[in-house]
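Descriptive analysis of the structure
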Amino acid sequence: MSRARRLVRITWVICRFRLDDFLHQVRLPLPVRLLLLFAPWHLFPRNKVSRGERLRLALEQLGPVFVKFGQILSTRRDLLPEDMADALRDLQDRVPPFPGEQAQQIVEHDLGKPVGELFRAFDASPLASASVAQVHAAELLTGQEVVVKVIRPGIEKVIHQDIALMYLLARLLQRHWPDGRRLRPVEVVADYEQTIFDELDLQREAANASQLRRNFPDSTLIYIPEVFWNFVSRRVLVMERIYGIPVADMAALQEAGADLRILAEKGVETFFTQVFRDSFFHADMHPGNIFIDASNPRDPRYIAIDFGIVGTLTPADQTYLARNLLAFFNRDYRQVAELHVQSGWVPATTRVNEFEAAIRTVCEPIFERPLKEISFGQFLLRLFQVARRFNMEVQPQLVLLQKTLLNVEGLGRQLYPDLDLWRTAHPFLEDWMYQRLAPPGLIKTMREQLPDWLEQTPEMPQLLHDALKQLTRLESTNRSEEKVLTSLRDEVSIAASRHRRYWLATLCVGGAVVVSDMSTLEWFRQLPPSSWILVAAAAYLLWPRRNETEIKAEHDR
Ligand SMILES: Nc1ncnc2c1ncn2[C@@H]1O[C@H](COP(=O)(O)OP(=O)(O)OP(=O)(O)O)[C@@H](O)[C@H]1O
């Protein structure tokens, strides 16, 4: 379908589902407003269906790319009003399966052999069919039962086309909608584009699955099916077939006698292990992707599938996240605010007092609820909403984590409504912090980071110089923040000068060793007179400067 025809179809669906009540909030340019005036709204009388419901129906009419977009949007409760997020959550993929013969052709083309030579059996009628891919059951020549996931033919083109139109709409909204600048629809579409294109690459999904499987070998928490790498291409993925009870099927779980409390707690533990131990987490934890192995009902474990979306965090993000969660539960909002500044999530010029007060306002009500209802995901969601007001740049890795956390908590509480998240997660977080900060962990971290530090050292003077320049520029544009900037500039300037002198001191001592023609150890033992003058120079360079001490004392005051 050409882009123009697609645009006409979108306009038609907007009229058909009377989405004009969204458009009235947007200050559109005059020609578009005139066009809308003549749109055939009258052909489609507004019925009593709610606006969320109408948006959901419209997205379903627009096809799989929009449906998936709506599903993802439904998890962005930081952006959408509750009623709309709830309606979008119920979006259903209503895409008909594509013929099994077509799936076979793609498999044969990509794997380079007829299906009969690749598999002992291949079921041409699909096991499941979704917007992006279709899954068929098969059996390898070894007798291993597998599933074959095949990307829907032609879907890439449809996605490209629909994403281009979404950008068009998002740019319009961003420019003409009063909330556009705050909610940044273009960013939301860019986020979605990344996700959907990642899902199109099954090689990537296979790699994610392999990594997760390696992280949990023989685990009693979670089982990850094996990937058969000889049968993987961008469009085809062959993976061990798993059998389990769908996590949403409570009746079947109860019938199997699965211990639901253990299961709920294991869900939280599995998530925190992925986030903090491995920094690699399954980020598409909706109930359709989780099954339960209840062969040992007293110690059931999870089985995960669909590894298209995963999240990772840097060690710094991990530490700040753990400290934020701990500070939140201690109701230490000052620390939460300071951590945001330290981590660079909000600008260094943020007024910590105001930020702290805003965090307190949104977090205190969370503690009004019984402890077992407290949600880390809700806390992070509220926190990000506040932090955005304080110019927090969107941190995609943290938004992904917060969404996954909400899913994990929802899942846990559905299994066992009395799940006490804090009691389950607190020891884990404290233990992790202790291991990271206790001497062996600290030494390990330092040893891991030492090569990076050494590598960056020669660039340090330039970086400090650049930072100084930027601060000076900032200073001239923003007088109101002058005091903060001056203090920052002074600190950077002290660090730059100290750094230069340390380098020179190192050169002096190194030079003295070279001049003496001895080994370093010998030199230290004997300190020949010829080197005294260089050592004295080094000592002079290392001595703290008076103006530095004064500036520091002034800042401390
Ligand atoms: N390893 C497996 N063993 C058994 N069934 C599987 C396996 N992998 C996938 N399936 C079945 O196929 C369905 C779709 O798989 P998957 O979720 O990976 O596809 P998808 O296209 O990414 O779907 P969506 O993104 O809509 O969740 C699953 O819900 C499940 O029923």
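Residues numbered from 1 in each chain as written. Predicted model: local features only at pLDDT ≥ 70, side-chain atom pairs only at ≥ 80, totals over all residues. Heavy atoms only, no water.

If you look the protein up in an unreviewed UniProt entry, it shows as Probable protein kinase UbiB from Hydrocarboniclastica marina. UniProt's Function (unreviewed entry) comment on the protein is quoted here verbatim: "Is probably a protein kinase regulator of UbiI activity which is involved in aerobic coenzyme Q (ubiquinone) biosynthesis." Looking at the protein in UniProt, the text filed under Pathway (unreviewed entry) is "Cofactor biosynthesis; ubiquinone biosynthesis [regulation]." (UniProt positions renumbered as here; feature names shortened; annotations may be inferred.)

Our focus in this paragraph is a nonpolar patch on the surface. A grouping of Leu30, Leu34, Leu37 and Phe38 is seen on the molecular surface, where their side chains present a nonpolar patch of about 480 Å² in accessible area. In this structure, Leu37 sits in helix H3 (residues 30-37). We classify Leu37 as exposed; its relative accessible area is 63%. (Patch = residues over 30% accessible without salt bridge, like charges linked within 9 Å, V, L, I, M, F, W, Y side chains within 5 Å. Areas by Shrake-Rupley, 256 points an atom, 1.4 Å probe, with all protein chains shown as cover. Salt bridge = Lys/Arg side-chain N within 4 Å of Asp/Glu carboxyl O. Helix = DSSP H or I, 4+ residues; strand = E, 2+ residues; numbered from the N terminus. Buried < 20%, exposed > 50% of the residue type's maximum accessible area, 1.4 Å probe, protein only.)

Turning our attention to the UniProt feature "active site" (unreviewed entry) in the protein. In this numbering, the UniProt entry assigns the feature "active site" (unreviewed entry) to Asp284. Along the chain, the position of Asp284 falls in the loop between strand S8 (281-282) and strand S9 (290-293). Owing to a relative accessible area of 13%, Asp284 belongs among the buried residues under this scheme. Filtering out sequence-adjacent residues up to four positions away, Asp284 remains in contact with Asn289, Asp306 and Ile309. (Contact = heavy atoms within 4.5 Å.)

Another point: the site of the ligand. What surrounds the ligand is a group of 17 residues, the closest being Lys68, Lys149, Glu240, Ile242 and Asp306. Glu240 is positioned such that a nitrogen or oxygen atom in its backbone is 3.0 Å from a nitrogen atom of the ligand. Between the ligand and Asp306 there is a distance of 2.9 Å, counted from an oxygen atom to a side-chain nitrogen or oxygen. Looking at the shell around the ligand, the elements with two or more residues in it are strand S3 (133-140) and strand S4 (145-151). (Near = heavy atom within 4 Å. Polar contact = N/O pair within 3.5 Å; in protein donor to acceptor, adjacent residues only side chain to side chain.)

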